[in-house]
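Listed below are the residues making up each chain.
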Amino acid sequence: MAKVLGYLQAHANVLKWIFFAFLLGTLVFDFMIERHHAHFWGDSIIGFWSLFTLFGCLGMIVFCKGLSHVWLAQPEDFYDREDSDNVE
Amino acid sequence: MLSNTILLHPASYFIIGAFLLPLFSRVRIAQKVILLAVPLLAFWQIHYLPESFGICHFMGFELTFGRVDKLTYVFLHVFTLMALIGAIYCLHVKETGHHIAAFLYVAGSLGTTLAGDYLTIFIFWELMAFASVFLIWYRKKKRSIEAGYRYLLVHTVGGLILLAGIFLRYKNCHDLTFTRILAEGATTADYLIMIGFMLNAAVPPIHAWLPDAYPEATVAGAVFMCAFTTKTAVYVLARGFPGFEMLAILGAIMTLYGVGYAVIENDARRILAYHIVSQVGYMVCGIGIGTAMAVNGACAHAYAHILYKALLFMGVGAVLEMTGKSKLNELGGLYKTMPVALFFTVIGGIAISGFPLTSGFISKSMIIAAAGVDHRVIIMLMLSLAAVGTFLSVGIKLPYFIWFGKDSGVKGKEAPWNMNLAMAIAAFMCIFLGVYPEYLYKMLPFACDYHPYSAYHISETLQILGFTGLGFYLMVNYLHPDPKSNLDVDWFYRKGALVFMWCARKPISIANDWVGEVYRTVGMRFTMLVAKALSWFDWEGIDWAVDGSAKGVVKGGDQIRALQTGKIQQYVGGAVAALMIVLLVIVFL
């Protein structure tokens, strides 16, 4: 199995194009299917979930990583270190 | 008669097993037989449980140890199955105590699930907390010991809140039967009980114990813990509090909260721990929506989630066991040496992301669809966005940075056969449920006519998965893991404890010294004076006193002195403990 994976990694370019073709395929598929019972307005727009996902995904990465950079991220010994400061 | 009733209860097998295990600590093979036989027996036995059993009277209360219906059954089924998988996974573990802790933990979970009244729930609830903390401590590292104490403290507080709710409820209606509580007539007592349950379900802001403790647990311990505590809480919430609007909103927030942290965390097991928060959010949300379809979805998702989350913890645990590392920035390129673990982890990853033909596809969508049918658009979009984050963080990021990414030079080797077997069973179940969802749907508490494999749902899922992949592809460099950990609300009590300890060391300790000093100069002299006076009185004054009483008084004075100096520290210690509890209550309430 490791060999197969190694082979695939060596041909990452081909995989990339297969992946893009798959994305296109999902959009084409979304054109063809029947929409029976829409739960809300988004369900009747073709390709809604593609846009929702792409923007949601990028937004989430930027927001979470950004928040982590400016505020949340601390050295891994954050709590231990403070403790030892207090002990003196 | 009594023994028959005891043997009916699946938890008693695990408790008896826990007592038998140390007897065979020298005979490893017998221990292994017990480890496998007990969960197998329980898994078989739950099919033959009567609707009600084990009712006994204790101090005027009626305790119901066994109450079985479809809601109980589906959870019992997955708990005993998971106990079996977990037992296989930890067959190689040498510490008998670890196995005992795991067995008692499972017993607590089964006991809670079967309990028909609040007192019985409370007993098993605490058994669960106190047994599981050993699964953290057995890692035997300083961080684990500390995390274990925090875990225990938080769960003790949660247990006390639950107990307060139970007492208040008994005062209000003199009935401890555990049945559904209606949202309209809920009192403070019911909300206290709900908060106690919510703490175990890791609902923010009382969730921080989970990502704090689980990454510090032992490799096998984390596999057990990820399955039982939160899902037992989901069961009791589904039993007692369906239709509470608060749960629907908090659940939807949970899904995004957990997944947001999973995107930024570095430690693989912490990513998975945060992701439990997210996944349990779906269940809590489904319970809060409260329709038959939503509660069905919550139960189905609990069943599916236990299996694939355990699979993920097992896969990452295998890496930790074999390489000693679990941080993404220290790993990479492991596909050459640990492809089997990669294979199983990816199955867990695609199942949790809800790929078609996996268990996530048939369970998660049920809750999202229930939100849609109920016309809760915002909640539905939040749950869908959390599904995006799930695939991003656990489906792609986790395997990518461990097995691919840059080659870290870390050399692993494949895990022992028992770990791989446990992973294979869990992976099989993930695919089996996806291909044959009726197996799971049949077990659900309400009649179910949900069909996940509609063209629209498949199209929606493929778009979500595909474009999340695109998002990762575009941002892969930005997502690179840093050797950092992120603050969470446990900051309040971890820092609060430090401030508190400072107070204990500085002002209180100074006051203690001062009081001690005052005592040494004033109190001791006073005691000695009294003793002298009394001895004079005894020796010189009265000859009818009992022989040796003067000596007794001197000795008594010494004892009082010793007692008092010791006591001051104890009083301070007591005050410290009481203040700690008050602080925790303030933080949590």
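Residues numbered from 1 in each chain as written. Chains lettered and ligands numbered in written order. Predicted model: local features only at pLDDT ≥ 70, side-chain atom pairs only at ≥ 80, totals over all residues. Heavy atoms only, no water.

Re the side chain of B:Thr113
Now for step 1: Among the structural elements, B:Thr113 can be located in helix H5 (residues 96–114).
Now for step 2: If near-sequence neighbours (up to four positions away) are discounted, B:Thr113 is found in contact with B:Thr72, B:Phe75, B:Leu76, B:Phe79, B:Thr232 and B:Tyr235. (Helix = DSSP H or I, 4+ residues; strand = E, 2+ residues; numbered from the N terminus. Contact = heavy atoms within 4.5 Å.)

Some details on the environment of B:Phe244
Residue and element names in this part refer to chain B.
Now for step 1: Within the secondary structure layout, Phe244 lies in the loop between helix H10 (219–240) and helix H11 (245–264).
Now for step 2: Sequence spacing of Phe244 and Leu182 is 62 residues, and the spatial spacing of their C-alpha atoms is 8.1 Å.
Now for step 3: Once residues within four sequence positions are removed from consideration, Phe244 is found in contact with Ile181, Leu182, Ala183, Ala186, Tyr191, Met194 and Gly288.

Overview of the interface of chain B and chain A
Now for step 1: In this assembly, 63 residues from chain B lie in contact with 54 residues from chain A.
Now for step 2: Summing both partners gives a buried area of about 5300 Å² for chain B against chain A, and 70% of it is carried by carbon and sulfur.
Now for step 3: Remark: the boundary between chain B and chain A carries 3 salt bridges.
Now for step 4: Between B:Asp482 and A:Lys65 there is a salt bridge, with the nearest N and O atoms lying 4.0 Å from each other.
Now for step 5: Broken down by secondary-structure element, the contributors of at least two residues to the side of chain B that touches chain A are helix H7 (142–173), H11, helix H14 (339–353), helix H15 (359–373), helix H16 (377–403), helix H19 (455–475), strand S3 (484–486) and helix H20 (490–505) of chain B.
Now for step 6: As paired strands, strand S1 (residues 73–75) of chain A and S3(B) are joined by 3 bridges and run antiparallel to one another. The partner of A:Pro75 across the bridge, within S3(B), is B:Lys484. (Buried area = accessible area lost by both parts, 1.4 Å probe. Salt bridge = Lys/Arg side-chain N within 4 Å of Asp/Glu carboxyl O. Pairing = 2+ DSSP bridges.)

Some words on the domain arrangement of chain A
Now for step 1: Under the domain assignment, chain A is made up of domain 1 (1–33) and domain 2 (47–88).
Now for step 2: A straight line from the C-alpha centre of domain 1 of chain A to that of domain 2 of chain A covers 30 Å. (Domains from an automatic or database assignment.)

Describing the nonpolar core
Residues and elements named next belong to chain B.
Now for step 1: If you look at the biggest cluster of nonpolar residues, it comprises 209 residues, and the most contacted ones within it are Phe197, Tyr303, Ile402 and Trp403.
Now for step 2: At 20 residues, helix H13 (residues 292–323) tops the list of elements feeding residues into this core.
Now for step 3: If we ignore the near neighbours within four places in the chain, the residues touching Tyr303 are Val74, His77, Val78, Leu81, Met429, Leu433, Tyr439, Leu440 and Met443. (Core = buried A, V, L, I, M, F, W, Y, C linked by side-chain atoms within 4.5 Å. Buried < 20%, exposed > 50% of the residue type's maximum accessible area, 1.4 Å probe, protein only.)

Details of helix H3 (residues 28–45) of chain B
Now for step 1: Across its 18 residues, H3(B) extends 26 Å between first and last C-alpha, which sits within 8% of the 26 Å expected from 1.5 Å per residue.
Now for step 2: Those residues of H3(B) not exposed but buried are B:Gln31, B:Ile34, B:Leu35, B:Val38, B:Pro39, B:Ala42, B:Phe43 and B:Gln45. (Expected span 1.5 Å × (residues − 1).)

Let's talk about the pattern of salt bridges
Now for step 1: Following the criterion strictly, the structure yields 16 salt bridges over all chains and no others.
Now for step 2: Linking B:Arg239 and B:Asp69 is a salt bridge whose minimum nitrogen-to-oxygen distance equals 2.8 Å. Residue B:Arg239 is located in helix H10, and its partner B:Asp69 is located in the loop between strand S2 (61–67) and helix H4 (70–89); the two are separated by 170 residues in the primary sequence.
Now for step 3: The exposure class of B:Arg239 is buried, given its relative accessible area of 11%.
Now for step 4: Notably, a salt bridge pairs B:Asp490 with B:Arg494, separated by 3.3 Å at the nearest N-O pair. Highlighted residues: B:Asp490 and B:Arg494, both in helix H20, separated by 4 residues, approximately one helical turn. Residues B:Asp490 and B:Arg494 agree in their burial class; the two are buried.
Now for step 5: Residues joined by salt bridges that share partners form a network here, namely A:Asp80, B:Arg143, B:Glu216 and B:Arg270.

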